[in-house]
Amino acid sequence: MISLGAMLVFCLALEFVARLVLEIRERRLTQLHGGMFALLRLIPLVNDIVPLPENRREPLENEFVKLHEEGHASLRHGILRNLAKVALLLLAVWLLAFLFASRGLSLIEAILWLHLAAIPVRIVFHLYCWHQEYEADRYAFDKLGKKKAKAAMRDLAECEIPYTKLFAVVYREHPTVVIRSLKILNKEIKPESN
Ligand SMILES: [Zn+2]
């Protein structure tokens, strides 16, 4: 029988390797340096709080962006997103209490298990957020039409750091412009400079 402690070490090692592979794949496919954050993302627990820069510069306020935000508001996305967060937080507290009390784990072991369990949960949460972004895009698209949506996506693409889909689903609450433009325009919009 493998002990829980040994299994924890194994899972953390597996996480480290998986993130390393993801990071190397990202560097190769985007040809962009990850900088200091790329190293910090490899370290369990630290990677839960490392920020992910999303833009090279702030996107311009335009009609599409305004209507996208209006779409979020009218579909009550903020409230739904917060409710999902609270539900997941409660689940986390319950899991922590369960591990801490009934399995006799130390606090640090319980926190590390929680960290591991949060990885797939976070991916599901990201997909839910992405779904909201598509809905808000669709709202703006229906009001403005294809031409303006396309121009807006081009603008956004110029401002955005172009992460791959796999990397984005692990780390981002926002889908990238490439993914969003595929959803609403059936066409990948990439920055001109690439
Ligand atoms: Zn949005």
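As the structure is a computational prediction, the values presented were derived from the model and not from experiment.

Caption draft 1: Broad picture of the coordination of the zinc ion. Protein coordination at the zinc ion: the donors are His 68 (NE2), His 72 (NE2) and Glu 133 (OE), at 1.9 to 2.1 Å from the metal. Written as a sequence motif, the donor residues of the zinc ion are H-x3-H-x60-E. In this pair, His 68 and His 72 both sit in helix α3 (residues 63-74), four residues apart, roughly one turn of the helix. Neither residue differs from the other here; His 68 and His 72 are each classed as buried.

Caption draft 2: The packing of aromatic side chains, seen in detail. A complete count under the given rule lists three aromatic pairs for this structure. For the pair Trp 94 and Phe 98, a centre-to-centre distance of 5.7 Å together with 15° between the ring planes defines the contact as stacked. Of this pair, Trp 94 and Phe 98 both sit in helix α4 (residues 77-102), four residues apart, which is roughly one turn of the helix. Residue Phe 98 is classed as partly exposed on the basis of its relative accessible area, which comes to 37%. Ring centres of Tyr 163 and Phe 167 lie 5.3 Å apart, and the angle between their planes is 15°; this geometry places the pair in the stacked category.

Caption draft 3: Seen up close, the nonpolar core. Counting 15 residues, the largest nonpolar core has Phe 64, Ala 149, Met 153, Val 177, Ile 184, Leu 185 and Ile 189 as its most contacted members. Listed by contribution, the elements that provide at least two residues to this core are α3, α5 (107-144), α6 (146-159) and α8 (177-185). Sorting elements by how many residues they give to this core places α6 first, with five residues. Not counting chain neighbours up to four residues away, the residues in contact with Val 177 comprise Met 153, Leu 156, Ala 157, Glu 160 and Ile 189. Within the second largest apolar cluster, twelve residues are counted, among which are Ile 161, Tyr 163, Val 169 and Val 170.

Caption draft 4: Structural view of the layout of surface pockets. By volume, the largest pocket is sized at about 720 Å³. Forming the boundary of the largest pocket are 27 residues, of which Asp 48, Ala 118, Ile 119, Val 121 and Arg 122 lie nearest the centre. Secondary-structure elements contributing two or more residues to the lining of the largest pocket are α4, α5 and α7 (165-171). Residue contributions to the lining of the largest pocket peak at ten residues, all from α5.

Caption draft 5: Quick look at a nonpolar patch on the surface. There is a patch of nonpolar side chains on the surface, built from Phe 16, Val 17, Leu 20, Val 21 and Ile 24 and spanning about 420 Å² of accessible area. Relative to the helices and strands, Leu 20 is located in helix α1 (residues 4-30). Residue Leu 20 is classed as partly exposed on the basis of its relative accessible area of 33%.

Procedures and definitions
- Residues numbered from 1 in each chain as written.
- Predicted model: local features only at pLDDT ≥ 70, side-chain atom pairs only at ≥ 80, totals over all residues.
- Heavy atoms only, no water.
- Donors = N, O, S within 2.8 Å, 3.2 Å for Na, K, Ca; no water.
- Helix = DSSP H or I, 4+ residues; strand = E, 2+ residues; numbered from the N terminus.
- Buried < 20%, exposed > 50% of the residue type's maximum accessible area, 1.4 Å probe, protein only.
- Phe/Tyr/Trp six-rings, centres within 6.5 Å; stacked < 30°, edge-to-face > 60°.
- Core = buried A, V, L, I, M, F, W, Y, C linked by side-chain atoms within 4.5 Å.
- Contact = heavy atoms within 4.5 Å.
- 1 Å grid on protein atoms, 1.4 Å probe; cavity = no way out; pocket = protein on both sides within 12 Å on 5 of 7 lines; lining within 4 Å.
- Points joined across faces, edges and corners; volume = space filled by probe spheres on them.
- Patch = residues over 30% accessible without salt bridge, like charges linked within 9 Å, V, L, I, M, F, W, Y side chains within 5 Å.
- Areas by Shrake-Rupley, 256 points an atom, 1.4 Å probe, with all protein chains shown as cover.
- Salt bridge = Lys/Arg side-chain N within 4 Å of Asp/Glu carboxyl O.

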